[in-house]
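# Remarks on the overall topology
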Amino acid sequence: MGADLMDDREKALKSSVANHYHHHHHHHHYPLSSPSCTKKISAHVLTVALIGAWYTSNIGVLLLNKYLLSNYGFRFPIFLTVCHMTACSIFSYVAVAWMKVVSLQPIRSRSQFLKISALSLIFSASVVCGNISLRFLPVSFNQAVGATTPFFTALFAYLVTFKREAWITYATLVPVVTGVIIASGGEPSFHLYGFIMCIAATAGRALKSVLQGILLSSEGEKLNSMNLLLYMAPIAVLVLLPATLVMEPKVVAITIALARQDMSIIYMLILNSSMAYFVNLTNFLVTKHTSALTLQVLGNAKGAVAVVVSILLFRNPISVIGMTGYGLTVFGVILYSEAKKR
């Protein structure tokens, strides 16, 4: 969940369709001489490398979070989120201000700042909820619930903007939800509190992407996801630090004590936090370099890969019912993205 920080696939769809056309014009102007061929090959290599990096960082964050929060016993989801957001703040600043990965978009007004702050609150709450849910639930089940993001996105889009989809689109959300209900019934390690947190995380993520589309839609206020992160992450740190100190008062002392015994906790936190940023960076770049459809397919496959890898690593018990439910959900999501295209 920390992993899918920016699951704005809806937005990705729009932008990458534009990018799609934009990309295809490059190759057709010159005949297939060797420079263009090498250009094409190197573009493919770049795309594959980006997707690899996206998968690695995404699944890596998920598994490391799970390992730290459950297996290692570092039970401080809020502090973990603070680490993630701190890393995102630092790396975003380096990437945008120094390395100029994207051009810096300044905040223009107080109202825009307040809108970003509101998004940041929802964003940090959803990441915290996701990390809490990982403490209690296996990654496989966490991913099954996370796959219902389109359902919540459609729900909030309707509640907030009264924007209706065709009924067929809503029909495809039935298997999405049913699948999760079946999966939760069949999940051997089901935990109600973890489940509620996971739902909250997924809903928060969806709400953020819907509100982002509304709040930052006017021309002067549009921010790309890299700039949004640059402003959201520091605000999230400011909000979550007091929350950590109140709700996890011993965390700093315990972390220092753990580090004295074994430095690996520090390395794991640094690696974990860095990867949390790279999830967002690679997500942004993959969105930029591939078509909308590719992104949909990759996003669904990513969940499945995460499930398989986590089951192999953590050896959490799985049931046929649980996996059937997850399968149904993914099937629903695929149908949903097909229905949205029409």
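First, a word on scope: everything that follows refers to the structure included in this document. In this text the structure is predicted, and so the values were computed from the model without any measurement.

Next up on the list: the overall build of the chain. Along the backbone of the chain there are 13 helices and zero strands. Along its sequence from the N terminus, the chain presents helices and strands in the succession α-α-α-α-α-α-α-α-α-α-α-α-α. A total of 342 residues make up the chain; the buried ones form 52% of that total. For the chain, restricting intrachain contacts to residue pairs at least 6 apart in sequence, the fraction spanning at least 24 positions comes to 87%.

Our next topic: the nonpolar core. Grouped burial of nonpolar side chains is what soluble globular proteins tend to show. Residues L68, F74, M85, I116 and L269 are the most contacted members of the largest nonpolar core, which totals 65 residues. Listed by contribution, the elements that provide at least two residues to this core are helix 2 (34–71), helix 3 (77–98), helix 4 (110–136), helix 8 (192–215), helix 9 (225–247), helix 10 (251–261), helix 11 (264–289) and helix 12 (292–314). Those residues in contact with I116 that lie beyond four places of it in its chain are I107, L216, L223, L228, Y231, M232 and I235. Within the second largest apolar cluster, 12 residues are counted, among which are V180, A183, Y326 and V330.

Here K100, not a glycine, exhibits a phi torsion of approximately 55°, which is positive. Mapped onto the elements of the fold, K100 is located in the loop between helix 3 and helix 4. For K100, a relative accessible area of 57% gives the class exposed. In this structure, R315 takes a positive phi of about 50° despite not being glycine. Checked against the element boundaries, R315 lands in the loop between helix 12 and helix 13 (320–341). On the basis of relative accessibility, which here comes to 68%, the residue R315 falls in the exposed class.

Following the criterion strictly, the structure yields five salt bridges and no others. We note a salt bridge from E165 to K340, for which the minimum N-O separation is 3.0 Å. Here K340 lies in helix 13 and E165 lies in the loop between helix 6 (149–161) and helix 7 (167–185), a separation of 175 residues in the sequence. The exposure class of K340 is partly exposed, given its relative accessible area of 25%.

The next subject is the side chain of S184. Within the secondary structure, S184 is located in helix 7. A residue is classified by how much of its surface remains accessible, and S184, at 14% relative accessible area, is buried. From its side chain, S184 meets the backbone oxygen of I181 in a polar contact 2.8 Å long.

Here we take up helix 3. Helix length check: helix 3, at 22 residues, gives a terminal C-alpha distance of 31 Å against a target of 32 Å (1.5 Å per residue), a fit within 8%. At the C-terminal side of helix 3, K100 shows a positive phi close to 55°.

With 13 residues, helix 6 should reach 18 Å at 1.5 Å per residue; the first-to-last C-alpha distance of 17 Å fits that figure. Listing the buried residues of helix 6 in full gives T149, P150, F152, T153, A154, F156 and A157. After helix 6 finishes, the residue F162 shows a positive phi value of roughly 55°.

This brings us to the packing of helix 12 against helix 13. Between helix 12 and helix 13, the shortest axis-to-axis distance is 10 Å and the interhelical angle comes to 170°. If you check the angle between helix 12 and helix 13, you find them roughly antiparallel. Contact residues: L293, Q296, N300, G303, A304, V307 and I311 in helix 12; M323, Y326, V333, I334, S337 and K341 in helix 13.

Another point: the packing of aromatic side chains. Throughout the structure, instances matching the rule amount to 14 aromatic pairs. Note on F190 and F195: the rings are 5.3 Å apart at their centroids and 50° apart in plane angle, and the pair reads as tilted. For F195, a relative accessible area of 17% puts it in the buried group.

Turning our attention to the packing of helix 7 against helix 13. At a closest axis distance of 7 Å, the pairing of helix 7 and helix 13 adopts a crossing angle of 165°. One element, helix 7, and the other, helix 13, form an angle in the roughly antiparallel class. Along this stretch, helix 7 crosses helix 13, giving a crossing that reads as left-handed. Across the interface between the two elements, T169, T172, L173, P175, V176, T178, G179, V180, I182 and A183 of helix 7 pack against I321, G322, G325, Y326, L328, T329, G332, V333, L335, Y336, A339 and K340 of helix 13. Among the residues forming the contact of helix 7 with helix 13, the class breakdown is 13 nonpolar, eight polar and one charged.

Moving on: the side chain of T148. Its location among the elements puts T148 in the loop between helix 5 (139–146) and helix 6. Once residues lying within four places of it in the same chain are set aside, the contact partners of T148 are V176, V180, T202 and T329.

With respect to the helices, strands and loops of the structure, T329 is situated in helix 13. For T329, a relative accessible area of 0% gives the class buried. When the C-alpha positions of T329 and A144 are compared, they lie 7.1 Å apart, and in sequence the two are 185 residues distant. The residues touching T329, leaving out its near neighbours within four places in the chain, are A144, A147, T148, P175, V176, G179 and V180.

The next point concerns the environment of S109. Summarising the element assignment, S109 is placed in the loop between helix 3 and helix 4. A residue is classified by how much of its surface remains accessible, and S109, at 28% relative accessible area, is partly exposed. Put simply, S109 and E221 are 112 residues apart on the chain and 8.8 Å apart in space, counted from C-alpha to C-alpha. Within polar-contact distance, the side chain of S109 engages the side chain of S111 at 3.3 Å. Engagement of the side chain of S109 in a polar contact is seen with the backbone nitrogen of Q112, the distance being 3.1 Å.

Reading guide: rules and limits
Residues numbered from 1 in each chain as written. Predicted model: local features only at pLDDT ≥ 70, side-chain atom pairs only at ≥ 80, totals over all residues. Heavy atoms only, no water. Helix = DSSP H or I, 4+ residues; strand = E, 2+ residues; numbered from the N terminus. Buried < 20%, exposed > 50% of the residue type's maximum accessible area, 1.4 Å probe, protein only. Contact = heavy atoms within 4.5 Å. Core = buried A, V, L, I, M, F, W, Y, C linked by side-chain atoms within 4.5 Å. Salt bridge = Lys/Arg side-chain N within 4 Å of Asp/Glu carboxyl O. Polar contact = N/O pair within 3.5 Å; in protein donor to acceptor, adjacent residues only side chain to side chain. Expected span 1.5 Å × (residues − 1). Axes fitted to C-alpha atoms, helices over the stretch in contact; angles between N-to-C directions. Parallel < 35°, antiparallel > 145°, perpendicular 65-115°, else oblique. Phe/Tyr/Trp six-rings, centres within 6.5 Å; stacked < 30°, edge-to-face > 60°. Left-handed = near helix turned anticlockwise from the far one by under 90°. Nonpolar A, V, L, I, M, F, W, Y, C, P; charged D, E, K, R; others polar.

None of this, on its own, says anything about what the molecule does.
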